[in-house]
Amino acid sequence: MGFRLPAIRRTSFRSASKDVEVPKGYLAVYVGEKMNRFVIPISYLNQPSFQELLNQAEEEFGYNHPTGGLTIPCSEDAFLDLISHFNRL
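Thresholds, definitions, all that
- Residues numbered from 1 in each chain as written.
- Predicted model: local features only at pLDDT ≥ 70, side-chain atom pairs only at ≥ 80, totals over all residues.
- Heavy atoms only, no water.
- Helix = DSSP H or I, 4+ residues; strand = E, 2+ residues; numbered from the N terminus.
- Buried < 20%, exposed > 50% of the residue type's maximum accessible area, 1.4 Å probe, protein only.
- Contact = heavy atoms within 4.5 Å.
- Axes fitted to C-alpha atoms, helices over the stretch in contact; angles between N-to-C directions.
- Parallel < 35°, antiparallel > 145°, perpendicular 65-115°, else oblique.
- Nonpolar A, V, L, I, M, F, W, Y, C, P; charged D, E, K, R; others polar.
- Pairing = 2+ DSSP bridges.
- Phe/Tyr/Trp six-rings, centres within 6.5 Å; stacked < 30°, edge-to-face > 60°.
- pLDDT = per-residue confidence, 0-100.

**Q** Quick question: what am I supposed to make of the overall build of the protein here?
**A** Counting secondary structure elements, the protein contains two helices and four strands. Tracing the protein from N to C terminus, the helices and strands come up as β-β-β-α-β-α. By residue count, 37% of the 89 residues in the protein fall in the buried class. Within the protein, contacts between residues separated by at least 24 positions form 55% of all contacts whose residues are at least 6 apart in sequence.

Here it is as structure tokens:
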């Protein structure tokens, strides 16, 4: 049993199709060793801690992400912990 964050949708990278639409106002990112896909609100982009993750992604991958999407270079647990703080604001 786990917990769900209300503003986040998660799908497995392997089962995620590029045809799966991302709703307006959201962004798809890939996180963790298994490259799980999360659909997050674009409002997260304004958060300084999320901007730091984006800077790390740029340093590690540049603008050529291996998945074709935005890859966040951190563990899935660390990502979920970070964004859980955004939901409390």
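Still more ground to cover, so stick around.
**Q** Quick question: what am I supposed to make of unusual backbone geometry here?
**A** Negative phi is the rule for most residues except glycine; trans is the rule for most peptide bonds. With a phi close to 55°, M35 is a non-glycine residue in the positive phi region. Structurally, M35 is set in the loop between β2 (26–31) and β3 (36–41).

**Q** I keep staring at the packing of helix α1 (residues 48–61) against helix α2 (residues 76–88) and nothing clicks. Help me out?
**A** Two measures define how a pair of helices packs: the angle their axes make with one another and the distance between the axes. In contact at an axis separation of 10 Å, α1 and α2 are set at 150° when each is read in the N-to-C sense. As summarised for this structure, α1 and α2 are arranged roughly antiparallel, according to the angle between their axes. Seen from α1, the contacting residues are S49, F50 and L53; seen from α2, they are F79, L82 and F86. Classifying every residue of the contact of α1 with α2 by side-chain character gives five nonpolar, one polar and no charged.

**Q** Is there a simple way to explain the pairing of β3 in this structure?
**A** Consecutive side chains along a regular strand alternate between the two faces of the sheet. Burial runs high along β3: six of the six residues are buried. When β2 meets β3, the two strands line up antiparallel, connected through six bridges. Across the sheet, L27 pairs through a bridge with I40, a residue of β3. Turn length for the β2-β3 hairpin, with the two strands adjacent in sequence and antiparallel, is four residues, and the turn residue G32 shows positive phi of about 85°.

**Q** I'm lost on the pairing of β2 in this one. Help?
**A** The pairing of β2 with strand β4 (residues 70–72) spans three bridges and is classified as parallel. Of the residues in β4, the one forming a bridge with V29 is L70.

**Q** Would you explain the packing of aromatic side chains in this entry?
**A** Where two aromatic rings form a pair, the distance of their centres and the angle of their planes describe that pair. Enumeration over the complete set of coordinates arrives at three aromatic pairs. Measuring from ring centre to ring centre gives 5.2 Å for F38 and F79, while their planes differ by 50°; the resulting arrangement is tilted. Here F79 lies in helix α2 and F38 lies in strand β3, a separation of 41 residues in the sequence. Comparing F38 with F79, the two get one shared label, buried. One aromatic cluster is present, formed by F38, F50 and F79 through successive ring pairs.

**Q** Looking at this model, I keep getting lost on the confidence of the model for the protein. Mind explaining?
**A** Predicted coordinates in areas of low pLDDT are best not read in detail. Chain-level statistics for the protein give a pLDDT mean of 78 and a share of 72% at 70 or above. Here strand β1 (residues 9–11) stands out as the least confident element of the protein, with mean pLDDT 53; β3 is the most confident, with 92. This stretch, residues 1–6, has a pLDDT under 50; its non-local contacts, to residues over four places away or in other chains, come to five contacts.

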